[in-house]
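For reference, the chains in residue letters:
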Amino acid sequence: MEKKLFVSPSPHVHGGDSTTRLMRDVVIALLPALAVSVWVFGLQTLVISAVAVASCVLFEYLIQRWLLKGASTIGNFSAIVTGLLLAFNLPVNIPVWLVILGSLVAIAVGKMTFGGLGKNPFNPALVGRVFLLISFPVQMTSFTAVRPDAMSGATPLAFVKEALKNGEKMENILAQINYTDLLTGFKAGSLGEVAALALLAGFVYLLVRKVISWHIPVTVLGSMAVLSAVLWGVDSQHYMSPLFHLLTGGALLGAIFMATDYVTSPMTHRGMLIYGCGIGVLTILIRTWGAYPEGMSFAILIMNSVVPLLNKYVKPRRFGVKK
Amino acid sequence: MLKSFPIGGVHPSENKLSRGAAIETFPVPETVTIPLSQHIGAPAVAAVAKGDKVVVGQVIATAGGFVSSNIHSSVSGTVTAVDAAVNGQGLRQPAVTIKVEGDEWDPAIDRSDKLVRECNLEPKEIIAKIQAAGIVGMGGATFPAHVKLSVPPGKKAEFLIINGVECEPYLTSDHRVMLERGEELLVGVTILMKALGVNKAFIGIENNKPDAIAHLTSLAAAYAGVEVVPLKVQYPQGGEKQLIAAVTGRQVPSAPALPIDVGAVVQNASTAVAVYEAVQKNKPLIERVVTVTGKGLAKPGNFKVRIGTPISALIAAAGGLPEDAGKVINGGPMMGRAMVNLDAPVTKGSSGVLVMSGSEACREAADTCIKCGKCVNVCPMGLEPYLLSKLSRKGMWEQAEKGIITDCIECGSCQFTCPAHLPLLDFIRLGKAKVMGIIRARAAAAAPKK
């Protein structure tokens, strides 16, 4: 035996998927929404996104190399995804130092504290966002007018919630809302939540590339639609319509990009269905009766905490076992 | 919609490089090394000694029990050793080495090409002939064929399933056999049906072999109760449980349940041809078709080879080991075994030899699990590979047993799909072996003391 050969157990081939490929695809899927955001909010969008991405990558690198003393992990794109998702959850006129602070919390507290990628129980970008929302409510909820005739000052959700509280009639409130604007992105809101169509394009891309399955986004949006339809059907003067719920706030961004984070979502399809329904229902409950106009972030974080239980008790359908 | 198994599965690149290469008869080598354990079950017991003269088809080792198999000489010549020989994995195993002199066959063997359709034997006689001929599952599992055909009392076979799936990438030996030996295969199927007392047989073939499907479908019209079933190209379609589920919709439960518990008996396509030869031509299992393939080989091909021929000779015939060869696999890339000794012989279960380049053969460094759940979704048994792998890694055997690690068919879909390149199956295999040992020990302890 002159020639040296490799010996290993089977399988001897690999499908070619990699963490980097998956994460890069998520970044690509976010690009249409980023483009719309630049169109709607201007170039400041790019500044905020760049700062968030750069600080997330830098913080992960520093913590990984100097505190955890491990090999660098930034090459796998996951810190870039976190940075981009955090930026998408911020208003355009937020001070840059808050973006950096949010990135630090997202990466340091949300991710690296637990050991880095794959070990964090909560979605890091949402940890960063919720930290900012609670600590700096004013900066996090002042939205600039996107154009003279569009709604300004408050997101559509906040606008309607406030108006309802003041006893205004739903018809009068809705008269001020333009659904086309909701679809194309001309509304107040965080960078990435405004353009429904662009987010849906990203969803299609992720499905085609088999990065995610339909289970979580469809159950999140489906359960939101069903619950809000019931409320709306009971009293359309006090509750918002399902379509309004789906097109506003972070519904699409959350359902497609935040709730589907691999690390913090269930392993099995059955688990994903329960998890998705939980997020949808909690979102509507918070939006309708909670103190905040938007409930998606909190709903996802709450359901993140249920994931270990779902993984333990919700098992896949086994071969050879009768249903 | 093509039929397929109900859960999981992957689709590796097919790379059937040798699909168009007709079967070539490989020359008889100068010496053969015939292992005494080429099957699942007890090794055969040598029936010849050093210096004995043997002819082709002569029994050189007799079955070491019911779940065992006779071994026949594939050549004529002189026995030079009955000793341990190094097998493909580098382990020493008992084998008979024969120096070839001429090519003299046992006169009882009918070597003509004439097709013999008529079979007037009783089921018991058929099974006895198959057992005597040393026929084992030729798809790679090498389970003695007569054991599967001997239906235990109280159970009943309802149909025979012929496995012509060949879902392993690269391999084409069954494909070529189905194309070139279709009539013999179908006569073999009718004989197997008679042995089992069933009147329905399905031949499952993956849809990437449309020529084989068309050929056997047209031939099968003349054979009552034989139906060709095209199947979706999805790995592991050729897994026994997967194939039964794809063809009949019935799922074989966890061990100790067997295919016969859902009324099915599965035999490989090449095995059916071997059955024909054994029963109609008195020819024991002394040669088989082996695919020799790989992107670096000059002439990938399919060879009809005498059992015991060194694999290195086959590689030489296919163009020689390329400069950049990094791994040689006995079998396919998903479930085959990496070889350390290329002079190891072709055995009854060798369906192919795959030569991979160094870059193809190298595994990527393992990353962290990102909990994407892809392994769970591709597992054809509905298990949780990430969890079983971790439990095995941590030595948590009890939990691994509860997670039904023993259901794992070691198809490798989980590891194939893992974006973090984790060696999932390496650890699961380890854990499965350990848990099966624990289960056996428990059964032994619970058995009544003598």
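Predicted model only: the values in this text are computed from it and were never measured.

## A word on the overall build of chain A
Assigned secondary structure in chain A consists of 16 helices and 0 strands. Relative to the globule expectation of 20 Å for 323 residues, the C-alpha radius of gyration of chain A, 21 Å, shows essentially globular dimensions. Each principal axis of the C-alpha distribution contributes one length, and for chain A these read about 85 × 55 × 30 Å. Out of the 323 residues in chain A, the part that is buried amounts to 55%. Taking all contacts inside chain A whose residues are at least 6 apart in sequence as the whole, residues at least 24 apart take part in 75%. The positive charge centre, built from 24 side chains, and the negative charge centre, built from 13, are 16 Å apart in chain A.

## Things to note about the packing of helix α11 (residues 215–234) of chain A against helix α14 (residues 269–289) of chain A
Residues and elements named next belong to chain A. Where α11 contacts α14, the two axes come as close as 7 Å, and the packing angle between them is 40°. Accordingly, the angle class assigned to the pair α11 and α14 is oblique. Crossing angle aside, the handedness with which α11 passes α14 is right-handed. Looking at the contact of α11 with α14 residue by residue, the class counts come to 14 nonpolar, 9 polar and 1 charged.

## A closer look at the sheet that holds strand β4 (residues 53–54) of chain B
Residue and element names in this part refer to chain B. Strands sit in the order β2-β8-β7-β4 across an open sheet of 4 strands; the sheet is antiparallel. Looking at which strands have only one partner, the edges of the open sheet turn out to be β2 (31–35) and β4. Bridging between strand β7 (residues 77–86) and strand β8 (residues 92–100) involves 9 bridges; their strand directions are antiparallel. Of the residues in β8, the one forming a bridge with Ala85 is Gln93.

## A short note on the nonpolar core
The biggest cluster of nonpolar side chains holds 88 residues, and the ones touching the most others in it are A:Phe257, A:Tyr275 and A:Ile279. If you tally residues by element for this core, the top one is helix α1 (residues 19–41) of chain A, at 11 residues. The residues touching A:Phe257, leaving out its near neighbours within four places in the chain, are A:Val26, A:Ala29, A:Leu30, A:Leu85, A:Leu199, A:Gly202, A:Leu206 and A:Leu252. In terms of nonpolar packing, the next biggest core, distinct from the first, is built from 50 residues, B:Met138, B:Val177, B:Ile213 and B:Ala220 among them.

## Observations concerning the domain arrangement of chain B
Residues and elements named next belong to chain B. One can read the domain layout of chain B as domain 1 (123–281) and domain 2 (374–446). Computed from C-alpha coordinates alone, the two centres of domain 1 and domain 2 are separated by 28 Å. Contacts between domain 1 and domain 2 engage 6 residues on the former and 7 residues on the latter. Contact between domain 1 and domain 2 buries roughly 480 Å² in total, counting both sides, with carbon and sulfur atoms accounting for 51%.

## Brief notes about the environment of B:Tyr170
Mapped onto the secondary structure, B:Tyr170 falls in the loop between β9 (159–163) and α3 (173–180). Setting aside anything within four residues of it in sequence, one finds B:Tyr170 in contact with B:Glu14, B:Asn15, B:Lys16, B:Leu17, B:Ser18, B:Thr291, B:Thr293, B:Gly294, B:Lys295, B:Pro333, B:Leu354 and B:Glu360.

## What to know about the side chain of A:Lys111
Looking at the element boundaries, A:Lys111 is found in the loop between α4 (96–109) and α5 (124–135). With residues near it in sequence (within four places) discarded, A:Lys111 still touches A:Glu60, A:Ser78, A:Ala79, A:Ala106, A:Gly116, A:Leu117, A:Asn120 and A:Pro124.

## Considerations on the interface of chain A and chain B
Chain A puts 35 residues into the contact, and the matching count from chain B is 63 residues. For the pair chain A and chain B, the summed buried surface comes to about 4200 Å²; carbon and sulfur atoms form 58% of the total. Three residues stand out in chain A for area buried against chain B, namely A:His12, A:Met267 and A:Phe319, and they jointly supply 21% of the buried area on that side. Here chain A is connected to chain B by 2 salt bridges. Summed over the shared surface of chain A and chain B, the number is 23 residue pairs in polar contact (both at pLDDT 80 or more). Looking at the side of chain A that touches chain B residue by residue, the class counts come to 16 nonpolar, 12 polar and 7 charged.

## Quick word on the pattern of salt bridges
Evaluation of the coordinates by the stated rule reveals 27 salt bridges over all chains. The salt bridge partner of B:Glu277 is B:Lys283, with a shortest N-O separation of 3.5 Å.

## Side note on helix α3 (residues 78–88) of chain A
Residue and element names in this part refer to chain A. Most of α3 is tucked away, with 10 of its 11 residues classed as buried. Of all the residues in α3, the buried ones are Ser78, Ala79, Val81, Thr82, Gly83, Leu84, Leu85, Leu86, Ala87 and Phe88. Summarising the contacts, the buried residues of α3 are in contact with α1, α2 (44–67), α4, α5 and α13 (251–258).

## A closer look at the pairing of strand β13 (residues 287–293) of chain B
In the case of a regular strand, side chains alternate between the two sheet surfaces. Residue and element names in this part refer to chain B. β13 sits mainly inside the fold: 7 of its 7 residues count as buried. What you see with β13 is no split at all: Glu287, Val289, Thr291 and Thr293 on one side and Arg288, Val290 and Val292 on the other are buried throughout. Sheet topology note: the β13/strand β14 (residues 301–306) ladder contains 6 bridges and is antiparallel. Paired with Val292 across the two strands is Gly301, which belongs to β14. Sheet analysis places β13 next to strand β17 (residues 352–357), joined by 3 bridges and oriented parallel. Opposite Thr291, over in β17, you have Gly352 as the bridge partner.

## Describing the packing of aromatic side chains
Residues and elements named next belong to chain A. Under the definition given, this model contains 5 aromatic pairs over all chains. Between Trp97 and Phe136, the ring centres sit 5.6 Å apart and the planes meet at 90°, which makes this aromatic pair edge-to-face. Residue Trp97 is found in helix α4, and its partner Phe136 is found in the loop between α5 and α6 (137–141); the two are separated by 39 residues along the sequence. Centre to centre, the rings of Tyr239 and Trp289 are 6.0 Å apart; their planes meet at 65°, and the pair counts as edge-to-face. Of this pair, Tyr239 sits in the loop between α11 and α12 (242–247) while Trp289 is found in helix α14, placing the two residues 50 residues apart along the sequence. If you follow Arg24 out to its NZ or CZ, it ends over the ring of Phe77, 5.5 Å from the centre. Sitting over the face of the ring of Tyr313, Lys312 holds its NZ or CZ atom 5.8 Å from the ring centroid.

Rules behind the numbers
- Residues numbered from 1 in each chain as written.
- Chains lettered and ligands numbered in written order.
- Predicted model: local features only at pLDDT ≥ 70, side-chain atom pairs only at ≥ 80, totals over all residues.
- Heavy atoms only, no water.
- Helix = DSSP H or I, 4+ residues; strand = E, 2+ residues; numbered from the N terminus.
- Rg over C-alpha atoms; globule rule 2.2 N^0.38 Å.
- Buried < 20%, exposed > 50% of the residue type's maximum accessible area, 1.4 Å probe, protein only.
- Contact = heavy atoms within 4.5 Å.
- Lys, Arg positive; Asp, Glu negative; His and termini not counted.
- Charge placed at Lys NZ, Arg CZ, Asp CG, Glu CD.
- Axes fitted to C-alpha atoms, helices over the stretch in contact; angles between N-to-C directions.
- Parallel < 35°, antiparallel > 145°, perpendicular 65-115°, else oblique.
- Left-handed = near helix turned anticlockwise from the far one by under 90°.
- Nonpolar A, V, L, I, M, F, W, Y, C, P; charged D, E, K, R; others polar.
- Pairing = 2+ DSSP bridges.
- Core = buried A, V, L, I, M, F, W, Y, C linked by side-chain atoms within 4.5 Å.
- Domains from an automatic or database assignment.
- Buried area = accessible area lost by both parts, 1.4 Å probe.
- Salt bridge = Lys/Arg side-chain N within 4 Å of Asp/Glu carboxyl O.
- Polar contact = N/O pair within 3.5 Å; in protein donor to acceptor, adjacent residues only side chain to side chain.
- Phe/Tyr/Trp six-rings, centres within 6.5 Å; stacked < 30°, edge-to-face > 60°.
- Lys NZ or Arg CZ within 6 Å of the ring centre and 35° of its normal.

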